[in-house]
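An overview of the molecular structure
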Amino acid sequence: MSQENPSGYPYQPYGAPYGDQPPPQYGYGYGYGTPPPSNNGPNANAIVSLVLNLLAVVSCCNILGIPGAILAGLALGRANTDPRSARSMVMWSWILFGTGFVLTIGGFVILGVSGAFDD
């Protein structure tokens, strides 16, 4: 007796070898699976860059953080309309953040070596 499954696969008797069983169709089994990845563009990267550039400006007096934060903010605005230029702006925002961070650390090292922090 041949029974047909509603999904179109033939009925597999109990104890059938694993390799003979058909793959499950979408909607059968353990739920629907993971959703497809959303293409949000550079949103998350721009938000992190914006927060870190603003934190660098406030805490370290990093002057290069100001244009970095501006670029990250502009990238957030253009993420949905022009993702290519938004990615470019986020990249330059990260470059400005890194350059400002290295210059700030270098400035503190130079001041420390020259004895500016000695009392």
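Residues numbered from 1 in each chain as written. Predicted model: local features only at pLDDT ≥ 70, side-chain atom pairs only at ≥ 80, totals over all residues. Heavy atoms only, no water.

**Describing the side chain of N53**
So the rule is basically this: A run of H or I in DSSP counts as a helix once it spans at least four residues, and a run of E counts as a strand once it spans at least two, with each numbered from the N terminus. To sort residues, take the accessible area from a 1.4 Å probe on protein chains only and compare it with the maximum for the residue type: under 20% means buried, over 50% means exposed, and anything in between is partly exposed. A 3.5 Å cut-off defines polar contacts: any pair of N or O atoms within that distance qualifies, except that in protein one atom must be a possible hydrogen donor and the other a possible acceptor, and neighbouring residues in sequence count only when both atoms are side-chain atoms.
Looking at where N53 falls in the secondary structure, it is placed in helix α1 (residues 43-60). Under the relative-accessibility criterion, N53 is labelled buried at 0%. A distance of 2.9 Å separates polar atoms of two side chains, one belonging to N53 and the other to S93.

**Some words on a nonpolar patch on the surface**
Applicable threshold: Patch membership is restricted to residues that have no salt bridge and whose relative accessible area is over 30%. Joining uses 9 Å for like charges and 5 Å for the nonpolar side chains Val, Leu, Ile, Met, Phe, Trp and Tyr. Accessible surface area values rest on a Shrake-Rupley calculation with a 1.4 Å probe, where residue burial reflects the displayed protein chains alone. We define a salt bridge as a side-chain nitrogen of Lys or Arg found within 4 Å of a carboxyl oxygen belonging to Asp or Glu.
Residues F101, V102, I105, V109 and V113 make up a contiguous nonpolar surface patch of roughly 500 Å² in combined accessible area. Along the chain, I105 turns up in helix α3 (residues 83-114). Residue I105 is classed as partly exposed on the basis of its relative accessible area, which comes to 42%.

**Concerning the packing of helix α2 (residues 65-78) against α3**
So the rule is basically this: The axes are straight lines fitted to the C-alpha atoms, using for helices just the contacting stretch, and the angles between their N-to-C directions are given from 0 to 180°. Throughout, the term roughly parallel applies to angles under 35 degrees, roughly antiparallel to angles over 145, roughly perpendicular to angles from 65 to 115, and oblique to all others. Rotating anticlockwise by less than a right angle from the far helix to the near helix defines a left-handed crossing, while the corresponding clockwise rotation defines a right-handed one. In what follows, residue pairs with any heavy atoms lying within 4.5 Å of each other are defined as contacts. By the convention adopted, Pro, Cys, Tyr, Trp, Phe, Met, Ile, Leu, Val and Ala count as nonpolar, Lys, Arg, Asp and Glu as charged, and the other residues, Gly among them, as polar.
The N-to-C vectors of α2 and α3 enclose an angle of 160°; their axes lie 8 Å apart at closest approach. Between α2 and α3, the angle falls in the class roughly antiparallel. Crossing of α2 over α3 shows left-handed handedness. Residues P67, G68, L71, A72, L74, A75 and R78 of α2 form the contact with α3, whose own contacting residues are P83, S85, A86, M89, V90, W92, S93 and L96. Considered class by class, the residues forming the contact of α2 with α3 number eleven nonpolar, three polar and one charged.

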